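If you want the building blocks of each chain, they are given just below.
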Amino acid sequence: MMAVPMSRSYDAIVIGGGHNGLTHAAYLARAGRKVLVLERRPVLGGAAVTEEVYPGYKYSVCSYVVSLLRPEIIRELDLPRHGLEILPLDGTFTPMPSGDYLWRMSDHARTRREIYRHSPLDAEAYDEYSKAMADMARFVKPILSMVPPDPLSFDVPGFSRLFAMGRRFQRLSRTAQHNILQLMTMSAVDLLDQWFETDVLKATMSASGIIGTFLGVRSPGTAYVLLHHYMGEIDGVFRSWGFSRGGTGAISMAIAGAAQEAGVEIRTQASIERIKVKDGHTVGVVLEGGDEIDAPVVSSSVDPHRTFLKMVEPGVLDGSFLSEVRRYKLRGSSGKVNLALDGLPEFTAMPGPGAHLRGAISISPSVEYMERAYDQAKYGEFSTHPYIDMVIPSLTDPSIAPPGKHILSCFVQYAPYKLREGTWDEKRDAFGDAVVNTIAQYAPNLKKLILHRQVLTPLDLEREWGLTEGNIFQGELSLEQLFFLRPVPGWARYRSPIRGLYLCGSATHPGGGIMGAPGRLSALELLKDWKRGKVA
Amino acid sequence: MKPDVVIIGGGHNGLVAAALLARGGLKPLVLERRDVVGGAAVTEEFHPGFKASTVAHLLGPLRRSVVEELDLKNRGLGFVEAEPRVFAPRPDGGGVALWGDAGKTAFELRKLSPEDADRYPEFHRSLSAIAAYLARLLVLTPPDIDEPLKGPILSWLGLGMGFRGLGREDAQRLLRWGPMAVADFASEWFSTDVMRAIVCGRGIHGLFGGPWSAGTTANLLLQAATGDGNGAGSAVQLVGGLGSLAGALSAAARQHGAEIRTGATVERIAVQDGRVTGVVLAGGEEIAARAVVSGADPKRTFLELLDPAVLDPDDVRRLRNYRQQGMASKVNLALDSLPPFRGDASPDLLRGRIHIGDDVDDLERAFDDAKYGGISRKPYLEATIPTLWDTTLAPAGQHVMSVYVQFTPYALREGSWETRRDEVGEATLRTLETYAPGISRRVLARQVITPLDLERTYGLTGGHPAHGEMALDQLFLARPLLGWGRYRGPLPGLYMCGAGTHPGGGVTGGPAANAAREILADLR
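Residues numbered from 1 in each chain as written. Chains lettered and ligands numbered in written order. Predicted model: local features only at pLDDT ≥ 70, side-chain atom pairs only at ≥ 80, totals over all residues. Heavy atoms only, no water.

**Q** Any chance you could explain the sheet that holds strand β7 (residues 101-104) of chain A here in plain terms?
**A** Residues and elements named next belong to chain A. Taken together, the 7 strands give an open sheet; going across it, the order is β7-β6-β17-β18-β19-β16-β20, and neighbouring strands pair in mixed fashion. Both edges of this open sheet fall to β7 and β20 (450-456), since each of them pairs with a single strand only. Within the sheet, the average angular offset between the axes of one strand and its neighbour, ignoring direction, is 20 degrees. Bridge count between strand β6 (residues 92-95) and strand β17 (residues 360-363): 2 bridges; the pairing is parallel. If you follow Phe93 over to β17, its bridge partner there is Ile361. Together, β16 (334-341) and β20 form the strand contacts of helix α17 (residues 458-465), whose direction differs from that of β20 by roughly 80 degrees. (Pairing = 2+ DSSP bridges. Helix = DSSP H or I, 4+ residues; strand = E, 2+ residues; numbered from the N terminus. Axes fitted to C-alpha atoms, helices over the stretch in contact; angles between N-to-C directions. Contact = heavy atoms within 4.5 Å.)

**Q** It is not clear to me how the packing of helix α3 (residues 102-112) of chain B against helix α4 (residues 114-138) of chain B should be interpreted in this structure. Could you clarify?
**A** When two helices pack together, their arrangement is given by the angle between their axes and by how far apart the axes lie. Residues and elements named next belong to chain B. Between α3 and α4, the shortest axis-to-axis distance is 7 Å and the interhelical angle comes to 160 degrees. Taken together, the axis directions place α3 and α4 in an arrangement best described as roughly antiparallel. Taken as a pair, α3 and α4 cross one another with a handedness that is right-handed. Residues Ala102, Thr105, Ala106, Leu109, Arg110 and Leu112 of α3 lie in contact with α4, whose contacting residues are Pro114, Asp116, Ala117, Asp118, Tyr120, Pro121 and His124. When grouped by side-chain class, the residues that make up the contact of α3 with α4 number 8 nonpolar, 2 polar and 3 charged. (Parallel < 35°, antiparallel > 145°, perpendicular 65-115°, else oblique. Left-handed = near helix turned anticlockwise from the far one by under 90°. Nonpolar A, V, L, I, M, F, W, Y, C, P; charged D, E, K, R; others polar.)

**Q** Mind showing me how you'd approach helix α13 (residues 367-378) of chain A here?
**A** Given 3.6 residues per turn, any residue in an α-helix points the same way as the ones three and four places further on. Here α13(A) spans 17 Å end to end across 12 residues, near enough to the 16 Å set by a 1.5 Å rise per residue. A large share of α13(A) lies buried, amounting to 10 of its 12 residues. On its buried face, α13(A) is in contact with α7 (188-193), α8 (199-206), β17, β18 (387-391) and α15 (424-440) of chain A together with α13 (360-371) of chain B. Immediately beyond the C-terminal end of α13(A), within one or two residues, lies A:Gly380, with a positive phi of roughly 80 degrees. (Expected span 1.5 Å × (residues − 1). Buried < 20%, exposed > 50% of the residue type's maximum accessible area, 1.4 Å probe, protein only.)

**Q** Explain the nonpolar core here, please?
**A** General note: in soluble globular proteins, nonpolar side chains tend to be found buried as a group. All names here are of chain A. One finds Tyr129, Phe196, Leu227, Met390 and Leu408 to be the most contacted residues of the largest nonpolar core, which totals 105 residues. Broken down by element, the residue count for this core peaks at 10 residues, all from helix α4 (residues 120-140). Contact partners of Leu408, with chain neighbours within four places excluded, come to Val337, Asn338, Leu339, Leu341, Met390, Val391, Ile392, Ile439 and Leu446. (Core = buried A, V, L, I, M, F, W, Y, C linked by side-chain atoms within 4.5 Å.)

**Q** Would you mind showing me how to read the sheet that holds strand β15 (residues 353-356) of chain B here?
**A** Consider a sheet: its strands pair through backbone hydrogen bonds, and that pairing is either parallel or antiparallel. Residue and element names in this part refer to chain B. Spatially, the 7 strands line up as an open sheet ordered β7-β6-β15-β16-β17-β14-β18, and their pairing is mixed. The sheet is open, and its two edges are formed by β7 (95-98) and β18 (443-449), each paired on a single side. Neighbour-to-neighbour, the strand axes of this sheet turn through a mean angle of 20 degrees, independent of strand direction. Relative to strand β17 (residues 399-406), strand β14 (residues 328-335) is paired through 8 bridges, and the arrangement is antiparallel. For Val331, the partnering residue across the bridge sits in β17 and is Val403. Of the strands in this sheet, β6 (86-89), β14, β15, β16 (380-384), β17 and β18 are in contact with helix α14 (residues 417-435), which crosses β18 at around 125 degrees.

Keep in mind that these numbers describe shape and distance, not what the molecule does.
Put into structure tokens, the structure is as follows:
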């Protein structure tokens, strides 16, 4: 694919054809720049990729749902015209070992009735909670589109943006201020404890606070991530999540389409050996095999470990910057299991097919279950009873599996990158078994249905997708690695100590997920530098 | 004579407030429920002939301005900064000692790990610099969230300049470290388990969190700021136990004209037309005053001593959610001789804090037990043996070992503290046996103070030693609640001066010193 005749010189080279790299390239090209995207794998998309791993079944291999894809990107790149179509993902179904279940839907009234069944008090509280969270989300959301200020330099525009936020904060009610403070610092469970009494409700809600982190539901700092669920925005609707028709790879392909239309060249199976630096400036890249491509600007969408420790020659960067980079934490904590099924799984708690299978299905039966899963990971084991978030996208999008057959896509946590004993190559199957066994406790017919099983451990995510240590967000979303501290203090504004070398991936503000925001914001910053003559 | 100000609780903060207010020209009256003043800073005889600082056993240390303004050095207080400041015995004998002098520490660490020895001086320097900066924050009254620019604008500008003055590296560290898990912080600096464990111990001390909990580094930084920022932490004690402090503070308070009444239980804070007018004692006696200052914890002050009807329901909800559940116990041991640490650790090494907890996992596992409402099977311990340098506390040749035990959650999942008290004593001795085999046979008596005792006897609601979790959302201008961070609650005439206000727990006098400044500004 993409066999475009190549010229040898570009304004910018983008390392990595994931959704952020592609978004970045598209914005640069639309501003008239000549851009080349280099992707190591044969397919584009990075972790937002659809692959036919098993004939007839198109897995969203890694990332499997969309929520935070920035509306401005959808609009500005005109993604629907390039084939983007988001299908609704409605509700979260949580089966319980007792045979009962909790089923939350986007229809607020129905969810309220469902929660009432568990606790009348909680149904009451759910209204208030939803309203409070939506308020918070509205307050916090502008941060996602904001270039972080640098607290250590005289950054006037940065500070005036912060100051404006401060003023908005002051105008909130005391209760809202209090809620925001708690959201920013507390644990998901501590926060939910203040609102609800139903254990399963707290467990399943808190789960969204730990996804992709090496934290437990009781770890401070996890409450903030709850908010992300309320920031998910598709066509302007708060809180909606969705599938992309054709799998998450279709998002990447739509962005790639927009990029190519704007003139971006894309080359796959092009692995970067080294970023060339001369007198403190980037001058291009060297590919594996020795090919060199020149450009005054290189934007890396891969993580800082890979970028600065592997692709830049030792001796170019100073020691204190490098030690900050080394400190940047990428500990992966999750795996993925994709199953091709002969039919639909039947949950004991709600037998038969139904709308509950069209949303997310969450194995998060109690707060203690979640916390114990984390305990194992802390000491270097994968959870034998993990938290699992799964979807059956083939119900909503029949194009991805043969008629009557289905795909079950399972996000699994915890699977620590560093195992205390053994290796992931030895434990891959045991991990897959733990996941299948766990689900089978709730859906006993599952094992009979499995036609094909793909198990991705953190090691696989690293080897195949270049996600260092298997971290799906290219670095933990913990407070000390967010906003003006992401990826390292002093370098949160997409630039690096090497002139012309930019970062544009999930390791920069505002972080991971199929959001596109890092790719876009970094492109806008880079374009500013060009305009001011700061790069050649 | 009618007092100007009634102070609820004769803990060390209540006494500091009383002394400073009296010194500032007001007439304070301190009302203490118990027969002794001092609150959690007391010396009590727990076995005939054996006295211990039964609850807190180390000073915060005290804020220097409090010591100077109240002339405490000339009131017979014997401050002892024990050396080494901390000693961590190892189960296989030997151990690691950290001294006030960083050079000496680094020199001795070299035997254990040249790498850690190389890192130590920079650790000490950086921590000291950041602590010195944070210390400036501790003495300030937090800003008013509605009008942050009101007040001592110069101090804020000074803080801003000070932040830049830290230099890029330390300033970045401060930003990054605050929300971090102390386990990560420790491994950024040190490679040996024992050094990491010592650092983690400081991070989790007094918190309901393990070393992998985010925000535990902030706890360590706050402690460092309270002390001198030394890489080894501080280990300041008093001759005669911490109870001596109460004596000296009472003397200072009385000399300046304050009155102190013990055995006086405040039953209710009187409110008239939305304004606090005084207090009502158990038994019905009413005492009117221009202002009431509570040294009691926020939950007691607002949920028990006040009629909830006078508060905004939203505030009541926020108070109920204020996290104030204790996690620690105290075990005081009367010993017939020194504990026999393996490898014949010299008694000279045992004069400061004795840290028990081998590695990060050990401390985290101790927390795991507590997370599910259980008593740690192998708790994190911080012990002192004050009789090594203070012979007034025990008969000649015999010793007192004061052991802080974490985690023992206030809310047990099974059973009650009435029936499970002994388990804490047993878990403590079992853990100590690993390091000092045979110690149990030397125990003449043991006193166990559980979180429930802290609540019942010492009035710490929820058994929380710091009047509420020192978590990021309950600090600074949000301590105890956002909007109440300036020592004033929602009712005119009511002030707070206890550990539930900025800068929080520890025997420092800090909250009271800040509160007294605000009260004097309002009333004088």
